[in-house]
Amino acid sequence: IMVTFGTGIGGGIILGGRLYRGAGGVHPEIGHHVLAAAGGLCTCGARGCWESLACGPALASLYSARNPGSPPLTARGICAAAEAGDASALAAIGEVGANIGLGLANLVNIFAPDRIALGGGLMQGERLFAPSIEAALERNCRLVRRSTTAIVPAELGGRAGLAGAAAAWINRERERRERI
């Protein structure tokens, strides 16, 4: 499984060496499984989606709520503030990290994958998020042991989304040709 964390959450699932497509060929909306039914409104119209709780804008919103009247910061700015010891930035990163970890725990419990690769702009600050991600994984992976899944950085870094989109198109064309 590959998950990207940036202005939203996206991802792909490889099953049997192929990109998984759901019924009718649609791709799963990995960022829109609900973590908190009473959570905030997501761009998709549901409440408490993983994306609404664990992406760059979610981090910025949490930080702004803790610092009313301060100029807004981007996720990159919040990570820099956390590196400098800013308590509000560290708290916001802890909360978003816990939500990232909870969503990853759901993926571990549902798919029991051998690995999950993490990419996207938010993961440039992965070492800041890692303690709360790992704590949430340990807390929420009970029937499928956490140790069965390696959580690794995306090998292509910031290019992972583009490479994934290209691979999806190639896969779709191959499947179209096989049907002919």
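Right above here is the structure, for reference.
Everything in this summary refers to the structure shown in the same document. The model shown is predicted, which means the values in this text are computed figures rather than measured ones.

## Here's the deal with the overall build of the protein
Phase 1: Of the regular secondary structure elements, the protein holds six helices and six strands.
Phase 2: When its helices and strands are written in sequence order, the protein yields β-β-β-β-α-α-α-α-β-α-β-α.
Phase 3: A globule of 180 residues ought to have a C-alpha radius of gyration of about 16 Å, and the protein, at 17 Å, matches this closely.
Phase 4: Judged by the C-alpha coordinates and their principal axes, the protein covers about 60 × 35 × 35 Å.
Phase 5: Burial status across the protein gives 39% buried among its 180 residues.

## A few points about the packing of helix H3 (residues 75–83) against helix H4 (residues 87–111)
Phase 1: Relative orientation of the contacting elements H3 and H4 amounts to 115°, with a least axis distance of 7 Å. In this structure, the crossing between H3 and H4 has a hand that is left-handed. Seen from H3, the contacting residues are Ile-78, Cys-79, Ala-81 and Ala-82; seen from H4, they are Ala-89, Leu-90 and Ile-93.

## A word on the packing of helix H2 (residues 56–66) against H4
Phase 1: At a minimum axis distance of 9 Å, the contact between H2 and H4 shows a crossing angle of 140°. Relative to H4, the element H2 lies oblique. Taken as a pair, H2 and H4 cross one another with a handedness that is right-handed. Contacts from Ala-58, Leu-59, Leu-62, Tyr-63 and Arg-66 of H2 reach H4 at Ser-88, Ala-89, Ala-91, Ala-92, Ile-93, Glu-95 and Val-96.
Phase 2: Class assignment of the residues belonging to the contact of H2 with H4 gives a composition of nine nonpolar, one polar and two charged.

## Quick word on the packing of aromatic side chains
Phase 1: Summed over the entire model, instances satisfying the criterion amount to one aromatic pair.
Phase 2: Measuring from ring centre to ring centre gives 5.5 Å for Phe-5 and Trp-50, while their planes differ by 85°; the resulting arrangement is edge-to-face. With a gap of 45 residues between them, Phe-5 in strand S1 (residues 2–5) and Trp-50 in helix H1 (residues 50–54) connect regions that are remote in the sequence. In terms of burial, Phe-5 and Trp-50 fall into one category: buried.

## Examining the pairing of strand S5 (residues 115–119)
Phase 1: Of all the five residues making up S5, four are buried; the element is thus mostly covered by neighbouring parts of the structure.
Phase 2: Bridging between S5 and strand S6 (residues 150–153) involves four bridges; their strand directions are parallel. Looking across to S6, one finds that Ala-117 is bridged to Val-152.
Phase 3: Of the crossover connections in this fold, the one passing from S5 over helix H5 (residues 126–140) to the parallel S6 is right-handed.

## Remarks on the sheet that holds strand S2 (residues 9–12)
Phase 1: With mixed pairing, the four strands of this open sheet are ordered in space as S2-S1-S5-S6. Of all strands in the sheet, those bounded by a partner on one side alone are S2 and S6. Taken over all neighbouring pairs, the strand axes of this sheet differ in orientation by 25° on average, direction set aside.
Phase 2: Along the sheet face, H4 touches S1 and S5 and points at about 150° away from the line of S5.

Conventions adopted
Residues numbered from 1 in each chain as written. Predicted model: local features only at pLDDT ≥ 70, side-chain atom pairs only at ≥ 80, totals over all residues. Heavy atoms only, no water. Helix = DSSP H or I, 4+ residues; strand = E, 2+ residues; numbered from the N terminus. Rg over C-alpha atoms; globule rule 2.2 N^0.38 Å. Buried < 20%, exposed > 50% of the residue type's maximum accessible area, 1.4 Å probe, protein only. Axes fitted to C-alpha atoms, helices over the stretch in contact; angles between N-to-C directions. Left-handed = near helix turned anticlockwise from the far one by under 90°. Contact = heavy atoms within 4.5 Å. Parallel < 35°, antiparallel > 145°, perpendicular 65-115°, else oblique. Nonpolar A, V, L, I, M, F, W, Y, C, P; charged D, E, K, R; others polar. Phe/Tyr/Trp six-rings, centres within 6.5 Å; stacked < 30°, edge-to-face > 60°. Pairing = 2+ DSSP bridges. Right-handed = clockwise from strand over helix to strand, strands pointing away.

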